[in-house]
Amino acid sequence: MTSANRFTIDGVDRIKFAVEKLDDACRFATDWGLTRIDSGDASSKLFRTADGSEVEIVETDLSVSGRRPIINASGLCEITWGVTDPDGLARLGDMLSKDREVSVDAAGGLHTVDDLGIPIAFRMTRRHTVVLEPTRFNSPGRPDRINSRAPRYEAAQPTEISHMAIGVDNAGDASRFYIERLGFIVSDHYANRGMFLRCAPRGNHHHLFFMNGKAPGTRFNHLAFKVRDIHEVIGGGQRLDGLGWKTFAGPGRHTVSSACFWYFNTPLGCAWEYAADEDIVTETWETKDFAATADIFSEWTFGLEKSDGRLRGPIAHSKDAPIEKTKS
Ligand SMILES: [Fe+2]
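How each quantity is defined
Residues numbered from 1 in each chain as written. Predicted model: local features only at pLDDT ≥ 70, side-chain atom pairs only at ≥ 80, totals over all residues. Heavy atoms only, no water. Donors = N, O, S within 2.8 Å, 3.2 Å for Na, K, Ca; no water. Helix = DSSP H or I, 4+ residues; strand = E, 2+ residues; numbered from the N terminus. Buried < 20%, exposed > 50% of the residue type's maximum accessible area, 1.4 Å probe, protein only. Salt bridge = Lys/Arg side-chain N within 4 Å of Asp/Glu carboxyl O. UniProt positions renumbered as here; feature names shortened; annotations may be inferred. Core = buried A, V, L, I, M, F, W, Y, C linked by side-chain atoms within 4.5 Å. Contact = heavy atoms within 4.5 Å.

- Taking an unreviewed UniProt entry as the reference, the protein chain is identified by name as Ring-cleaving dioxygenase belonging to Noviherbaspirillum saxi.

Below, the structure written as structure tokens:
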């Protein structure tokens, strides 16, 4: 175990949203391909991906802390990180209690806030690894799918929660708590606009992306779910589009992290993203500082101007402001 994962945080276990229109939000989560679970609490709607990552949705009540989004009337309520070792969870509790209030729930999960005031939680992970059949491609000279028709997707079934993106006043300031206190690692920088962080040395390219928001304050931008391959991204996106949900961006392929993507607007106060084939990294991954060029958001996509030197699409909503790039 390295000092970078002394708390054994290994991914996102649950994201909680509070929303104004609960029925619309639940319909979206179902259309997205999540599985509805009986939470045992009529006021809390619970959904899962195949690996057990959870989305909890409650109705907004601004007078109740567990039902209050971080901003606006619908949005993020709490981020729960999964931990793999009980000793790691205990170390987290000791460390966080030094300078902030930490409450413990009936299941032993820890609840507190980060330095921006975003509610965060930690629990023994309830996720499990799902191993999918690999996608086989017939490349010239290297056929790998013989006498077998390619699978077709009429909908997506997200396998895992991949990552989230949060707009903040200053991405460097927002990242410091995660790097210096929780041991997160910087995977890449987005010029003077954002930082991609992963919670463990090996695995996802990023679990958390902080970017300088154009508007002041902290805003949850999007939540990304992994699907098997680009075909499932497209199949899922086409189904969402057919059901009348509106595209936020995509389909396309990110320049940073290499993932294929399709984002949709949701009734949850943020966008959701289908993502496939993102970079998986280890301790030897070399952090890069990407320039804020027109194509930084996507190598290819539809509906965005990219060739005239102007920033378009979601990156245009970030702010060019100096960020202190804390070393992990
Ligand atoms: Fe994303």
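## As for the coordination of the iron ion
- Note on the iron ion: its protein donors are H163 (NE2), H222 (NE2) and E273 (OE). The metal-donor distances range over 2.1 to 2.2 Å.
- Between the donor residues of the iron ion, the gaps in sequence give the motif H-x58-H-x50-E. In this pair, H163 sits in strand 11 (residues 160-168) while H222 sits in strand 16 (residues 219-226), placing the two residues 59 residues apart along the sequence. The burial state of H163 is the same as that of H222; both residues are buried.

## Regarding the pattern of salt bridges
- Across all of its chains, the model carries 16 salt bridges by this definition.
- With its nearest N and O atoms 3.9 Å apart, the salt bridge here joins R27 to D24. You can see R27 and its partner D24 sitting in helix 1 (residues 22-32), 3 residues apart, about one turn around the helix.
- As a salt-bridge pair, R181 and D99 come within 2.8 Å of each other at their nearest N and O atoms. With a gap of 82 residues between them, R181 in helix 3 (residues 171-181) and D99 in the loop between helix 2 (86-97) and strand 6 (103-104) connect regions that are remote in the sequence.
- The partly exposed category is assigned to D99, whose relative accessible area is 45%.
- If you follow the salt bridges from partner to partner, you end up with D10, D13, R14, R48, E54, E56, R123 and R127 in one network.

## Examining the UniProt feature "domain: VOC" (unreviewed entry) in the protein chain
- Per the UniProt record, "domain: VOC" (unreviewed entry) is found at residues 160-277.
- Taken end to end, residues 160-277 comprises 20% helix and 46% strand; its first and last C-alpha atoms sit 12 Å apart.

## Thoughts on the nonpolar core
- One finds W81, L92, F122 and W272 to be the most contacted residues of the largest nonpolar core, which totals 62 residues.
- Setting aside anything within four residues of it in sequence, one finds F122 in contact with I9, T80, W81, V83, L89, L92, L96, G109, L110 and L182.
- If you look at the next biggest cluster of nonpolar residues, it comprises 13 residues, including A165, F209, V256 and I296.

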